[in-house]
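The residues making up each chain are set out below.
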Amino acid sequence: MGRFLALCTLLADVLGLAASYVAGACIFPAIGSILPGWLSWLRDLCVHLYQAPLFWMSLIPSMPHALPLALIHHPGLTWGLVYLCAHLWYLTRYLWRRCRETDLARPQPGAPGGRRWEIVQRRYADFREALERFRPEIPLKTPPTFRFFERKNHRDARAELGWRGRVLVIDQALLSPERQQELAPGLAHQLAYYNSEDLWFRSFLNCYPDGFLWVQCISGICLWLPTLVKLCVWPTVYWRGRVLVADRFAYYCGQGYLLYRHLREQGAVEERRSFWSPDPLRAERIEHLEALLGSEFAWMERQGIAQPVPPLAQERHRLKGG
Amino acid sequence: MKLLRHLHDLCKGEVALDLHADWPCLLVMAGIVALTGPLVFLACAIQDWCAGTSWDYEDRWRGTRAFAVTFLVVALLLVLVRGFFLQFWPPTLSALFWYPVFWWCLCLLFSPALALFMERLDPRTRPLERILLPAEVAQQQTVVASEKKMTRLKSTRTKQVTAQANEKDIVPPSPQQRKTKRDPRPIYEAWAVPQHILPPAPARGSMPSPSSKRDRRDEGESLADIF
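If you're wondering where the values come from, they're calculated on a predicted model, not measured in any experiment.

Our next topic: the overall build of chain A. A count of helices and strands for chain A gives 12 helices and four strands. A burial count over chain A gives 45% of its 322 residues as buried. A fraction of 69% describes how many contacts in chain A between residues 6 or more apart in sequence connect residues 24 or more apart. Here chain A displays about 17,200 Å² of accessible surface, and carbon together with sulfur accounts for 64% of that area.

Here is the structure:
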């Protein structure tokens, strides 16, 4: 589905370019023509501000003269060019952020490697072991390496587990031996994105702005159109469902119960979600995991391999019920 | 159906080509390629790609369905307003060469729809199935053996009771239907044991459990503790 949505985003992008062209070619001249006479100075100022840089541009010897002239006669082209430049800026910014690793440390691979490296590799081995209980086989793709970071203060809003491009980024605290129960389900959940096309689609969407800028809206640079699709449509249409799919993958990796318990522990916190949030409600995730775990348990009961009920638990349950 | 499956296998290279046996297939294939270009190959590739993942195939098929609908609408538009598009046709391009190319490109728009159709006729997507692991098979055999033992014991006892009842002319109670005892725990508690791969996190300052090797490796603070 990610590929189709990427195509839709590209279509929205082309629409944004066309809308920018129309804004420059028709809308702003039309606004200029309907201005009252006492505001004619404003129109002249705008025309001057628009034409002056183009005039100076035409004085550059290496610049072909046709370009500034074309831009003067067809202001829509200018808007289109500005749109493309804005796009290029966001793309460069994303690539720069992705490549910048000033705050990230590398683990030491090897056999055996560093402590953190070994902890993560052991989790991968656990996942592979758990995936063997399903046929056809689920090949687990794991990132060749990862990075970890140290949270300086509480204001650091980075997620404990996440991706920067195709690099897995983990909070150093999560790699401590005491927090393995939190690392394992989170890691399995994140690996679902790596094993599907979601990571690629997310990287693609990251080339677009992360929010709306009022300058873009009033200047007629319609980059807000693909941004609108990215921030308001895909989270509700696509990403919410993908979180549930990633939970299912975590369950396949044998982390269903831990994830379930982790989510239940968070249940005490009041749950709030914005309308455009990409996350499903926690109750929904818990329900989904309950169904998965329950189905497998029922299957195990039918096969006669479900764990026998310890007498103590049975007694406690009876007492609770009574 | 058989032909379609064989064609697909031939395209994929899963079946070795036998010219004597496969010539009707090859003939059909040549005809289809001449008519529609690489449409069939692309459809086969799409079907294989969608069926290639056993856990995320639903999303892939959903995407293929969305592509199919979109491309069908595009193809319909191209056919309906062909006059509008033909006016942009470059006059320098010779019709004899370019029209077939254009036709093949148009046919490619139907590849997702054809992939869906082929999946309907010859499903290649296999949903996940839970299988018994070797340890679980051993456990199952143990359970079955113990159940057999219990049944044998029960039947011996029943025979003894019947014999005693016959002796005393008392009608024996009718054997009640055996019911499987349902696990009384809530599902998340009951499931804790098989899913629980990692050991529970120890409280700070407490000693690690000496019984678990993995436990000890994970909880070590120094390199000497880990290895």
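Turning next to the overall build of chain B. Summing up its helical and strand segments, chain B has 12 helices and one strand in all. Mapped in sequence order, the helices and strands of chain B form the string α-α-α-α-α-α-α-β-α-α-α-α-α. In chain B, which comprises 227 residues, the proportion classed as buried is 27%. The long-range fraction of contacts in chain B, counting pairs at least 24 apart against all pairs at least 6 apart in sequence, stands at 62%. For chain B, the computed accessible surface area is about 16,000 Å², with 66% contributed by carbon and sulfur atoms.

Residues and elements named next belong to chain A. Packing of helix H5 (residues 115-131) against helix H6 (residues 180-195) leaves a shortest axis separation of 10 Å and a crossing angle of 65 degrees. When the axes of H5 and H6 are compared, the crossing they make is right-handed. Seen from H5, the contacting residues are Ile119, Val120, Arg123, Tyr124 and Phe127; seen from H6, they are Gln180, Leu183, Ala184, Leu187, Ala188 and Leu191. A per-class count over the contact of H5 with H6 returns nine nonpolar, one polar and one charged.

On to the packing of aromatic side chains. On inspection of all chains with the given rule, the structure shows 14 aromatic pairs over all chains. With 5.6 Å between their ring centres and 80 degrees between their planes, Phe201 of chain A and Tyr238 of chain A make a pair best called edge-to-face. Residue Phe201 of chain A is found in helix H7 (residues 198-205), and its partner Tyr238 of chain A is found in helix H9 (residues 224-252); the two are separated by 37 residues along the sequence. What makes Phe201 of chain A buried here is its relative accessible area of 0%. For Tyr238 of chain A, a relative accessible area of 5% puts it in the buried group. Geometrically, the ring pair formed by Tyr238 of chain A and Trp239 of chain A is edge-to-face, given 5.0 Å between the ring centres and 70 degrees between the ring planes. Summarising the burial analysis for this pair, Tyr238 of chain A and Trp239 of chain A share the class buried. Counting every residue linked through ring pairs, the aromatic cluster contains Phe4 of chain A together with Phe67 and Phe71 of chain B. We note Arg202 of chain A situated over the ring of Tyr193 of chain A; from NZ or CZ to the ring centre the distance is 4.6 Å. Taking NZ or CZ as reference, Arg202 of chain A lies 5.3 Å from the ring centre of Trp239 of chain A, over its face.

In this section: the pattern of salt bridges. All names here are of chain A. Counted according to the given criterion, the structure contains 20 salt bridges over all chains. Between Asp198 and Arg242 there is a salt bridge, with its nearest N and O atoms 2.7 Å apart. Taken as a pair, Asp198 in helix H7 and Arg242 in helix H9 lie far apart in primary sequence, 44 residues in all. What makes Asp198 buried here is its relative accessible area of 2%.

What follows deals with helix H4 (residues 57-80) of chain B. Over its 24 residues, H4 of chain B runs 34 Å from end to end, which matches the ideal 34 Å to within 8%, given 1.5 Å per residue. Within H4 of chain B, the full set of buried residues consists of Tyr57, Asp59, Arg60, Trp61, Gly63, Thr64, Ala66, Phe67, Ala68 and Ala75 of chain B. Residues of H4 of chain B that are buried in the fold lie against helix H1 (2-33) and H9 of chain A together with helix H3 (39-51) and helix H7 (111-121) of chain B.

On to the confidence of the model for chain B, then. Detail in the predicted coordinates should be disregarded across regions flagged by low pLDDT. Residue and element names in this part refer to chain B. Mean pLDDT over chain B works out to 73, with 67% of the residues at or above the 70 mark. The low-confidence segment residues 201-227 (pLDDT under 50) makes 33 contacts with residues lying over four places distant or belonging to another chain. The complex prediction reports pTM at 0.77, with the ipTM value standing at 0.82.

Remember that side chains alternate between the two faces of the sheet whenever the strand is regular. Residue and element names in this part refer to chain A. Neither face of strand E2 (residues 146-149) is exposed, since Phe146 and Phe148 on one face and Arg147 and Phe149 on the opposite face are all buried. As paired elements, E2 and strand E4 (residues 167-171) share four bridges and run parallel to each other. Its bridge partner lying in E4, Phe146 is registered against Leu168.

This brings us to the environment of Phe28 of chain A. Residue and element names in this part refer to chain A. In this fold, Phe28 is placed in helix H1. Using a relative accessible area of 30% as the deciding quantity, one classes Phe28 as partly exposed. Each C-alpha atom of the pair Phe28 and Ile138 lies 56 Å from the other, and the pair is 110 residues apart in sequence. Other than its neighbours up to four places away in sequence, Phe28 contacts Ala23, Trp79, Ile218, Ser219 and Gly220.

Each value, and the rule that gives it
- Residues numbered from 1 in each chain as written.
- Chains lettered and ligands numbered in written order.
- Predicted model: local features only at pLDDT ≥ 70, side-chain atom pairs only at ≥ 80, totals over all residues.
- Heavy atoms only, no water.
- Helix = DSSP H or I, 4+ residues; strand = E, 2+ residues; numbered from the N terminus.
- Buried < 20%, exposed > 50% of the residue type's maximum accessible area, 1.4 Å probe, protein only.
- Contact = heavy atoms within 4.5 Å.
- Areas by Shrake-Rupley, 256 points an atom, 1.4 Å probe, with all protein chains shown as cover.
- Axes fitted to C-alpha atoms, helices over the stretch in contact; angles between N-to-C directions.
- Left-handed = near helix turned anticlockwise from the far one by under 90°.
- Nonpolar A, V, L, I, M, F, W, Y, C, P; charged D, E, K, R; others polar.
- Phe/Tyr/Trp six-rings, centres within 6.5 Å; stacked < 30°, edge-to-face > 60°.
- Lys NZ or Arg CZ within 6 Å of the ring centre and 35° of its normal.
- Salt bridge = Lys/Arg side-chain N within 4 Å of Asp/Glu carboxyl O.
- Expected span 1.5 Å × (residues − 1).
- pLDDT = per-residue confidence, 0-100.
- Pairing = 2+ DSSP bridges.

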